[in-house]
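# Residue-level structural notes
Letter by letter, the chains look like this.
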Amino acid sequence: MTQSLSPSQSSVTFTLSNVDSSDQGRYTCAISPYSTHSQPISITVVSLVQPNISVRAPDGGLFWGPQGPEVTRGHSLSILCSTEAQYQGGSFHLLFDGSNTTRTQSALNHSASFYIPELDHSHQGNYSCVYEVTVFNRTFRSTQTEPLTLIVKASLVPIIASGAVCGLFILMVIPAVIYLVKRKSVSEEHTPQMISGAPSGSGSATAYGAPNRPGDTSENENIYMNTVEMADSGHDYKAEAEDLEDDYENFKNSSTGIDNDYEEDAIYQNYN
């Protein structure tokens with residue numbers, strides 16, 4: 001690079017525009033053709049590349065959705081910032097749009113990991129990384145990464161547990177309902193019913209349809225009341241019914257004996 005120097009000037013300025021890595025090197029000045037070169041100066045161009053950002057879930061629960069990573073609430077998460085091997089050392093800053101605080105970690109092998117032990121909905125939002133390094137006593141910062149949107153999803157454990165409890169409750173209720181229905185049907189089948197009696201004046205029917213005999217009304221009423229009480233008590237209806245059938249057979253036999261006595265009396269009277 002050359003600039004003209006007038007007699008009145010003692011110095012000139014050289015401007016480097018849009019400096020990039022190609023401008024890095026040693027520079028000297030000289031007044032042609034008489035002076036020697038000045039002491040050289042070194043220009044270092046620091047051009048930090050944009051770092052990278054990624055996530056890891058050590059204990060699982062990580063899924064990739066249309067907007068970015070989705071992690072189940074309660075799981076742990078590591079956010080990893082990394083960059084190319086341009087300079088040794090430096091540090092990474094983790095920016096979170098849901099908080100005014102910035103977390104910082106020293107770079108180790110050109111990367112740093114930010115660990116979140118237990119995620120909740122306060123950790124949901126956009127994250128970015130920035131790399132910072134000091135070169136020749138000056139600090140330089142990279143541009144920040146594109147934001148990474150983290151979504152924290154609700155845990156499925158309570159939902160699954162609720163469904164299991166409801167399913168178990170249904171499995172317990174259905175057999176109980178079936179048992180009650182069957183028990184009611186059996187009780188209705190084995191409960192004796194009153195049979196309509198004969199027309200007025202010809203005697204009323206007993207619980208088993210046997211005609212009344214003189215003095216039998218009270219006994220038949222007792223049998224009927226015992227039958228009703230048995231149905232209401234909730235006892236073993238089948239056994240009770242068998243006992244009542246035995247009573248009925250005994251009652252029939254006794255009724256037959258009465259009929260034979262009536263016939264013998266009639267024959268005796270006609271003979272006389």
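Residues numbered from 1 in each chain as written. Predicted model: local features only at pLDDT ≥ 70, side-chain atom pairs only at ≥ 80, totals over all residues. Heavy atoms only, no water.

## Some remarks on the state of the cysteines
Put plainly, two cysteines are in a disulfide when a covalent bond ties their sulfur atoms together. Worth spelling out the cut-off: Here, a disulfide means two cysteine sulfur atoms that sit within 2.5 Å of each other. Per the convention used, a helix needs a DSSP run of H or I reaching at least four residues, while a strand needs a run of E reaching at least two, with both numbered from the N terminus.
The tally for this structure, following the rule as stated, stands at one disulfide. The disulfide partner of cysteine 81 is cysteine 129, and the S-S distance across this bridge is 1.8 Å. Judged by the torsion about the S-S bond (-60°), the cysteine 81/cysteine 129 disulfide is left-handed. Separated by 48 residues along the polypeptide, cysteine 81 in strand 6 (residues 77-82) and cysteine 129 in strand 10 (residues 125-135) bring together distant segments of the chain.

## Regarding the packing of aromatic side chains
Which entries qualify depends on this criterion: Only rings of Phe, Tyr and Trp enter the pairing, Trp through its six-membered ring, and a pair is recorded when the two centres are within 6.5 Å. The plane angle decides the type: under 30 degrees is stacked, over 60 is edge-to-face, the rest tilted. The cut-offs for exposure are 20% and 50% of the maximum accessible area for each residue type, with area from a 1.4 Å probe on protein chains only; residues under the lower value are buried, those over the upper are exposed, and the others partly exposed.
On inspection of all chains with the given rule, the structure shows two aromatic pairs. Residues phenylalanine 92 and tyrosine 131 carry aromatic rings whose centres are separated by 5.0 Å and whose planes lie at 45° to one another, so their mutual orientation is tilted. Highlighted residues: phenylalanine 92 in strand 7 (residues 91-96) and tyrosine 131 in strand 10, separated in sequence by 39 residues. Comparing phenylalanine 92 with tyrosine 131 shows no difference in burial state: the two are buried. Here phenylalanine 96 and tyrosine 127 contribute two aromatic rings whose centre-to-centre distance is 4.4 Å and whose plane-to-plane angle is 10°, an arrangement assigned as stacked.

## Focus: the nonpolar core
The line we're drawing: The nonpolar core is taken to be a set of buried Ala, Val, Leu, Ile, Met, Phe, Trp, Tyr and Cys residues, with the residues joined through side-chain atoms within 4.5 Å. Contact criterion: two residues are considered in contact whenever any of their non-hydrogen atoms come within 4.5 Å of each other.
Membership of the largest hydrophobic core comes to 24 residues, with the highest contact counts inside it found for Ile53, Leu77, Ile79, Phe92, Leu94, Phe114 and Tyr127. Looking at this core, the elements that each hand over two or more residues are strand 3 (52-56), strand 6, strand 7, strand 9 (111-116), strand 10 and strand 12 (148-153). Examining the composition of this core, we find that five residues originate from one element, strand 10, more than from any other. The residues touching isoleucine 53, leaving out its near neighbours within four places in the chain, are Ile79, Leu80, Leu94, Tyr127, Ser128, Cys129, Thr145, Glu146 and Leu148.

## Details of the pairing of strand 10
Filter applied, for reference: The rule for pairing is simple: two strands pair if DSSP sees at least two bridges between them.
The element strand 10 is extensively covered by neighbouring structure, given that eight of its eleven residues are classed as buried. Sheet analysis places strand 7 next to strand 10, joined by six bridges and oriented antiparallel. Paired with serine 91 across the bridge in strand 10 is glutamate 132. Pairing of strand 10 with strand 11 (residues 138-141) involves four bridges; the strand directions are antiparallel. Considered in strand 11, the bridge of glutamate 132 is made with arginine 141. Connecting the antiparallel pair strand 10 and strand 11 is a turn made up of two residues, with phenylalanine 136 showing a positive phi of about 50°.

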